[in-house]
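Geometric and topological summary
Chain residues, written in single-letter form:
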Amino acid sequence: MAAEKMALAKAINESLRTALDADPKVLIMGEDVGKLGGVFRVTDGLQKDFGEDRVIDTPLAESGIVGTAIGLALRGYRPVVEIQFDGFVFPAYDQIVTQLAKMHARALGKIKLPVVIRIPYGGGIGAVEHHSESPEALFAHVAGLKVVSPSNASDAYWMMQQAVHSDDPVIFFEPKRRYWDKAEVDPEAIPGPLHKARVVREGSDLTLAAYGPMVKVCQEVANAAQEEGKSLEVLDLRSVSPIDFDTVQASVQKTGRLVVVHEAPVFFGSGAEIAARITERCFYHLEAPVLRVGGYHAPYPPARLEDEYLPGLDRVLDAVDRSLAY
Amino acid sequence: MAAEKMALAKAINESLRTALDADPKVLIMGEDVGKLGGVFRVTDGLQKDFGEDRVIDTPLAESGIVGTAIGLALRGYRPVVEIQFDGFVFPAYDQIVTQLAKMHARALGKIKLPVVIRIPYGGGIGAVEHHSESPEALFAHVAGLKVVSPSNASDAYWMMQQAVHSDDPVIFFEPKRRYWDKAEVDPEAIPGPLHKARVVREGSDLTLAAYGPMVKVCQEVANAAQEEGKSLEVLDLRSVSPIDFDTVQASVQKTGRLVVVHEAPVFFGSGAEIAARITERCFYHLEAPVLRVGGYHAPYPPARLEDEYLPGLDRVLDAVDRSLAY
Amino acid sequence: MTVESTAARKPRRSAGTKRTSAKKPPSPSTELVQLLTPEGKRVKHAEYDPYVADITPEELRGLYRDMVLTRRFDAEATSLQRQGELGLWASLLGQEAAQIGSGRALRDDDYVFPTYREHGVAWCRGVDPTNLLGMFRGVNNGGWDPNSNNFHLYTIVIGSQTLHATGYAMGVAKDGADSAVIAYFGDGASSQGDVAESFTFSAVYNAPVVFFCQNNQWAISEPTEKQTRVPLYQRAQGYGFPGVRVDGNDVLACLAVTKWALERARRGEGPTLVEAFTYRMGAHTTSDDPSRYRHDDERLSWEAKDPIQRLRSYLASETDTNEGFFGELEAESEALGRRVREVVRAMPDPDHFAIFENVYADGHALVDEERAQFAAYQASFVTEGEGE
Amino acid sequence: MTVESTAARKPRRSAGTKRTSAKKPPSPSTELVQLLTPEGKRVKHAEYDPYVADITPEELRGLYRDMVLTRRFDAEATSLQRQGELGLWASLLGQEAAQIGSGRALRDDDYVFPTYREHGVAWCRGVDPTNLLGMFRGVNNGGWDPNSNNFHLYTIVIGSQTLHATGYAMGVAKDGADSAVIAYFGDGASSQGDVAESFTFSAVYNAPVVFFCQNNQWAISEPTEKQTRVPLYQRAQGYGFPGVRVDGNDVLACLAVTKWALERARRGEGPTLVEAFTYRMGAHTTSDDPSRYRHDDERLSWEAKDPIQRLRSYLASETDTNEGFFGELEAESEALGRRVREVVRAMPDPDHFAIFENVYADGHALVDEERAQFAAYQASFVTEGEGE
Ligand SMILES: Cc1ncc(C[n+]2csc(CCOP(=O)(O)OP(=O)(O)O)c2C)c(N)n1
Ligand SMILES: Cc1ncc(C[n+]2csc(CCOP(=O)(O)OP(=O)(O)O)c2C)c(N)n1
Ligand SMILES: [Mg+2]
Ligand SMILES: [Mg+2]
């Protein structure tokens, strides 16, 4: 595969294809991942090319999917599991939290759990209930899991490669509303470390930190702010566990201000952890408290209200203004 | 029942007895809650006095317990469900998060879900794996749930009364290592609101905020600090969702310093949310960043290591010193 | 010492040898309860005939009407989705008999726990069909009061509602009432742990609940063989209650079998599993493209078993139903379609503050705080003219 | 119109009327596979005799020895708990035949997924019994390498391991290997959704796994009737694979039935459920007090069916086993007890930094940061003398 412009969903598809090709132990599992290619077509064509033994349509039972993936990992396989939508990961939560996350430690390191759990997440696609949630905090709080989320096709390709190669369980959150956004993917490039944040855009007045679907919003915010003469630095965190606090710290020590943006509810969300830790690390540099923009403490609303619920250009700009007003 | 000194476990037992007596719709459900009276004897004697129809030994299936409790609530019952230990709530997590928490909103308010889920939680009792965890953050992040934790017998009695009367689902975290601690319980007293924090001890130099099992530790810390001439204010938050930020704010505006203490891992824990919000509310009052003392980002360790893992007198004092050093 | 060596050893099979694959479910023909053949001929059934013995032609026409109107409503919703009025629609096309047969077996005081596809059952319960569209339009997550028709909200997380139904039925038993509860779920759902747990709980507590599985043979793109290697109705046996497979395209059989199961529940005989063997004639939802995973001939073969056509044949040949009935029904159908269209198009978007409503019954300080912040934020956009 | 009125209506029962309660499971006698009576008499069984047909007296003595030593180890652990050397112990008292019979049916290349009570199976796998004590002492959460004896770590969350076993078995089948996997679980565990899902997955993928349920009739304080109203082995049928109930106190029958099930798996015939009908003679764990919920006579009646005594009777009356064997075994037993005692008492507490070890295989920045903070904090306690 040569360097090519492709959609984020396609980049993950290509990355999975590369992984299946490179290692016979890699498996794809999930509901409708076979002939259908998944409801978002992320696994399109893989069963056709790699067979039903490696690209496996499972019974409709998420605990069963993750539980058997654990067993397959113990047998030496490297399963990449698809959860069809964010809101349907909870039946598997017990297996993820009490088994997948803890088994390596339980065995004093003697066994490894190279399982990737892919979860299309977030809103903005006008879907019905349970199809637009952002539950990443519920995984980041749990030791033993790594949690990542790419914001663009190139990262999606590379981060999936790295997730599959990781000997730890990785919860791989895919920003579903960006599935169709295109970017150049170069499979020959040498990627940076999986959990390293990326400075998307340099700036001097304030730092915007985001991951997954909100990176694009933050870029738009930075553009809009620039027109008003404000210089915003935009960080793509890429990883929610661990979080690359060093990169955030360096940025905040330069700008003195930080706004964290995510779709998940603010209460007990990623923004809380980032605010707490960065305030501790940058106490004398901060000219304003770290502000958070995210979902409200309410169930994800029906589609016709999601624009009000989700952080968008205006709400982030509002937070930027409030921060700069300190 | 006259005012009486009793253990925290007994106070909950009495509170459940009062609730069963007062309202025929109140039910107790869980594994071993009947003849055995639960593994901690919190439901001791209730089945004998109220019968198997109201104090129900369930099959060994937590999703089933919570799922049927939801159904019973829809039929007009008020189930109080016991999860045997913190680490065993996860099979029920899907029912709690996607159904119990959201059904009232889904029905546009037309149905109510008065379900209490009792969870003995936390460490310090030398138990095996899954018996010492503190998963409260995983519930607080979820809108639709209320999350509380008493620190003493009197609160335990009253907060359980209020939880049973609440028309919302309440996750009731019981500090298992305090089950045997005694305090005066006055069933005639008029309790304050369920989600209001309590100033346990006034002080001027720094605020310690905790809930459940860590309140006692914070009181000991305040005593020890006093001997060194430091005046610490101790808050018992009592509620993790909502959090009584007003009381914390008032205290911090007085002391200028805050240390939050909980057993749960620090990363994405309650301390993060409190630090983020209080920093926003008290930005110009804080003389030091909000510090957090809690569990590490690791599975709860084997019993022989729990003293190192859990926040204790020395670790909290260390944080107090670090805060005061700013 | 190990004893392991005492039994004769089978030679090891070389790596790569295939194991025999899971058996296909046997053909259901012998075990299937059917009262009306696909051609519309009435066949006798010793066990279930009594449950429909005194059904009148009038009532049969009622069932026919229910199915026709449900299908019409469903088609209208599909077309409203195409027009952009709905975000999504889950069609019940082909499952009308299973839903109307079971739905009409219910008494008013029975309680229904549906999935997201029980539009026909909702119809039987008297739920205004336009109420079902709110969630698919995206204006709410369930727009009706469950208690006004004893019809619970649609549940999207697969299988969850079977436990709610079981708990509700436990409550019915506690109350000493003789009503029953019915839980709908699909063939795919049968794999979920929650469904198994609902079997366990209902059996142990002898709860008056009927588990009504519409085996429409597909869970999105997965055929039933991906969920089970034996017919699903057999699942019940291992939990200690009866299971029966009924022709899900035969409204009379569905009516009879569901009545039988409900009466067992009322008599205190506990749960029953009814597997209605039917077929999802359309796509899973309007977002789905079945051409990726199934052949058209399969669907065509099921068209010959159409639930509406078979009752129509029966009505036409065995009862006094005249053409006028069909003509009037056609007109009623069109009127229903029109009304649905109009109501949906006029359905207002929810007020923005609805985000903060009904999160809690007793209120929550954070919700209040966020609502206030939201109000202030919204107010900051007041246009200049308005501002002064 | 509703059709509901067409079937004869049963009169409503007045509120408060009790429903018939769930049926008790029928007595297992007829369906129970037994090769040795409680009195130690060998009974014939056409189907399962072949699996133990060529067993030698030597091998029978081996089974006896396994059971005696396992019981001795178990008793030692219980007493170490009483002495404060262990925080907790889950005794297998009474379940020796179920565990040794099934454990000795395994080949070295088979894989075991235990609960927290399979000390006898661990023994058969060659796991050093003192390794099992680490987690009960609180020095680790599972102290052995699962792959060195194909014996997975103890799993405490009820039922989880049945899915791991199923996945592992799917992997075995993928590899084209002819080994098998065995998953242990209890009667209480049978209610967990995960166990049901493992039945579904293993059936659909035809995975070479044996589900070995030790029905010891209690889940802590709950008798089996709280989990099911029919015998548990019947559960399998509804998922499309065979289930069989074996006398769990008969080591020979457990050996034979497990061998049969394992060979089915090896031949590519998929999963089997074996229910070993046995009895938990002691408390659930050392923290439990069974006097609160069960009568002593129940336990006493099961003492007459003791698994060890019955094989001893058989050995004494039907084989050439002399007293010397029993005497030597007694001495070996005592030596085992002594060794266990010594090893446990000498077991060191883990290094404090073990908290941060093995959280991740590939490392995690936060763990590194917290480890460093912890080190600095620990170092701050260096005594003055050491400090300079
Ligand atoms: C827990 C969960 N997992 C996945 C989904 C996504 N999903 C929606 S419908 C469906 C298939 C359901 O199949 P079936 O139970 O046969 O019902 P049918 O749609 O055929 O009526 C799936 C996988 C879901 N809604 N919930
Ligand atoms: C998910 C979960 N819920 C509850 C518990 C607490 N618990 C430990 S053992 C046990 C009873 C298990 O009974 P059974 O499956 O019959 O096994 P046995 O202990 O009799 O061997 C319970 C409820 C647990 N370990 N895991
Ligand atoms: Mg289906
Ligand atoms: Mg048991």
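Residues numbered from 1 in each chain as written. Chains lettered and ligands numbered in written order. Predicted model: local features only at pLDDT ≥ 70, side-chain atom pairs only at ≥ 80, totals over all residues. Heavy atoms only, no water.

Ideal geometry at a metal gives 109.5 degrees between four tetrahedral donors and either 90 or 180 degrees between six octahedral ones. Residues and elements named next belong to chain C. Ligation of the magnesium ion (ligand 3) by protein atoms is provided by Asp187 (OD), Asn216 (OD1) and Trp218 (O), these donors lying 2.1 Å from the ion. Taken in chain order, the donor set of the magnesium ion (ligand 3) reads D-x28-N-x1-W. With a gap of 31 residues between them, Asp187 in the loop between β3 (181-186) and α7 (193-204) and Trp218 in strand β5 (residues 218-219) connect regions that are remote in the sequence. Accessibility expressed as a relative area gives 1% for Asp187, which makes it buried. (Donors = N, O, S within 2.8 Å, 3.2 Å for Na, K, Ca; no water. Helix = DSSP H or I, 4+ residues; strand = E, 2+ residues; numbered from the N terminus. Buried < 20%, exposed > 50% of the residue type's maximum accessible area, 1.4 Å probe, protein only.)

Before going further, it helps to spend a moment on the packing of aromatic side chains. Following the criterion strictly, the structure yields 89 aromatic pairs over all chains and no others. A ring pair is formed by Phe283(A) and Tyr284(A), whose centres lie 5.4 Å apart and whose planes are at 70°; its orientation type is edge-to-face. Note on Phe283(A): relative accessible area 18%, which makes it buried. By relative accessible area, Tyr284(A) is classed as exposed at 63%. Both rings, one in Phe151(D) and one in Tyr154(D), keep their centres 6.1 Å apart while their planes meet at 65°; by these two values the pair is edge-to-face. Here the aromatic residues Phe90(A), Tyr93(A), Tyr121(A), Phe139(A), Phe173(A), Phe90(B), Tyr93(B), Tyr121(B), Phe139(B) and Phe173(B) are joined through ring pairs into a cluster of three or more. Positioned above the aromatic ring of Tyr77(B), the side-chain terminus of Lys25(B) is 4.4 Å from the ring centre. The ring of Trp302(D) has Lys305(D) sitting right over it, with the charged end atom 3.9 Å from the ring centre. (Phe/Tyr/Trp six-rings, centres within 6.5 Å; stacked < 30°, edge-to-face > 60°. Lys NZ or Arg CZ within 6 Å of the ring centre and 35° of its normal.)

Residues and elements named next belong to chain A. The domain architecture assigned to chain A consists of domain 1 (4-185) and domain 2 (198-324). For domain 1 and domain 2, the distance between their C-alpha centroids amounts to 26 Å. Counting residues at the interface gives 27 residues for domain 1 and 23 residues for domain 2. Overall, the association of domain 1 and domain 2 removes approximately 1800 Å² of surface from exposure, summing both partners, and the carbon and sulfur fraction of that is 49%. By the criterion of area lost to domain 2, the three top residues of domain 1 are Glu136, Arg177 and Arg178, representing 23% of everything that side buries. At the surface where domain 1 touches domain 2, the tally comes to four salt bridges. Linking Asp155 and Arg238 is a salt bridge whose minimum nitrogen-to-oxygen distance equals 2.9 Å. At the level of elements, α6 (137-140), β6 (146-148) and α7 (153-165) are the ones that each hand at least two residues to the side of domain 1 that touches domain 2. With three residues, β6 is the largest single contributor of residues to the side of domain 1 that touches domain 2. (Domains from an automatic or database assignment. Contact = heavy atoms within 4.5 Å. Buried area = accessible area lost by both parts, 1.4 Å probe. Salt bridge = Lys/Arg side-chain N within 4 Å of Asp/Glu carboxyl O.)

A separate point is the sheet that holds strand β1 (residues 32-33) of chain C. All names here are of chain C. Pairing in this open sheet of six strands is parallel, and the strands run β1-β7-β8-β4-β3-β2 from one edge to the other. Strand pairing shows two members of the sheet lacking a second neighbour, β1 and β2 (111-113), which therefore form its edges. Bridge count for strand β4 (residues 209-215) against strand β8 (residues 272-277) is six bridges, and the pairing is parallel. Bridge assignment links Phe211 to a residue of β8, and that residue is Leu273. Set on the sheet, helix α6 (residues 160-175) makes contact with β2, β3 and β4; between it and β3 the angle comes to about 170°. (Pairing = 2+ DSSP bridges. Axes fitted to C-alpha atoms, helices over the stretch in contact; angles between N-to-C directions.)

Next up on the list: the pairing of strand β4 (residues 78-82) of chain B. Residue and element names in this part refer to chain B. For β4, a buried count of five out of five residues is recorded, marking the element as mostly surrounded by other parts of the structure. The two faces of β4 match: Arg78, Val80 and Glu82 on one face and Pro79 and Val81 on the other face are all buried. Taken together, the five bridges between strand β2 (residues 26-30) and β4 define a ladder with parallel strand orientation. Residue pairing across strands places Val26 opposite Arg78, the latter belonging to β4. Where β4 lies against strand β5 (residues 116-121), three bridges are found, and the strand directions are parallel. Across the sheet, residue Glu82 finds its bridge partner in β5, namely Arg118.

On to the pattern of salt bridges, then. Applying the stated criterion across every chain yields a total of 114 salt bridges over all chains. Linking Arg78(B) and Asp167(B) is a salt bridge whose minimum nitrogen-to-oxygen distance equals 3.1 Å. On the criterion of sequence distance, the pair formed by Arg78(B) in strand β4 and Asp167(B) in the loop between α7 (153-165) and β7 (170-175) is long-range, its members being 89 residues apart. Both residues of the pair, Arg78(B) and Asp167(B), count as buried. The closest approach of N and O atoms between Lys216(B) and Asp181(B), which form a salt bridge, is 3.1 Å. Linking Lys216(B) in helix α8 (residues 214-227) with Asp181(B) in the loop between β7 and β8 (182-185), this pair joins segments that are 35 residues apart in sequence. In this structure, a network of salt bridges that share partners links the residues Asp246(A), Glu273(A), Arg277(A), Arg281(A), Arg292(B) and Glu369(D).

A word on the domain arrangement of chain C. Split into domains, chain C comes out as domain 1 (3-350) and domain 2 (352-388). Placing a centre on the C-alpha atoms of domain 1 of chain C and another on those of domain 2 of chain C gives a separation of 42 Å.

Residues and elements named next belong to chain D. Surrounding the magnesium ion (ligand 4) are the protein donor atoms Asp187 (OD), Asn216 (OD1) and Trp218 (O), at 2.1 Å. Here the donor residues of the magnesium ion (ligand 4) are spaced in sequence according to D-x28-N-x1-W. Remark: Asn216 occurs in the loop between β4 (209-215) and β5 (218-219) and Asp187 occurs in the loop between β3 (181-186) and α7 (193-204); sequence separation between them is 29 residues. Neither residue differs from the other here; Asp187 and Asn216 are each classed as buried.

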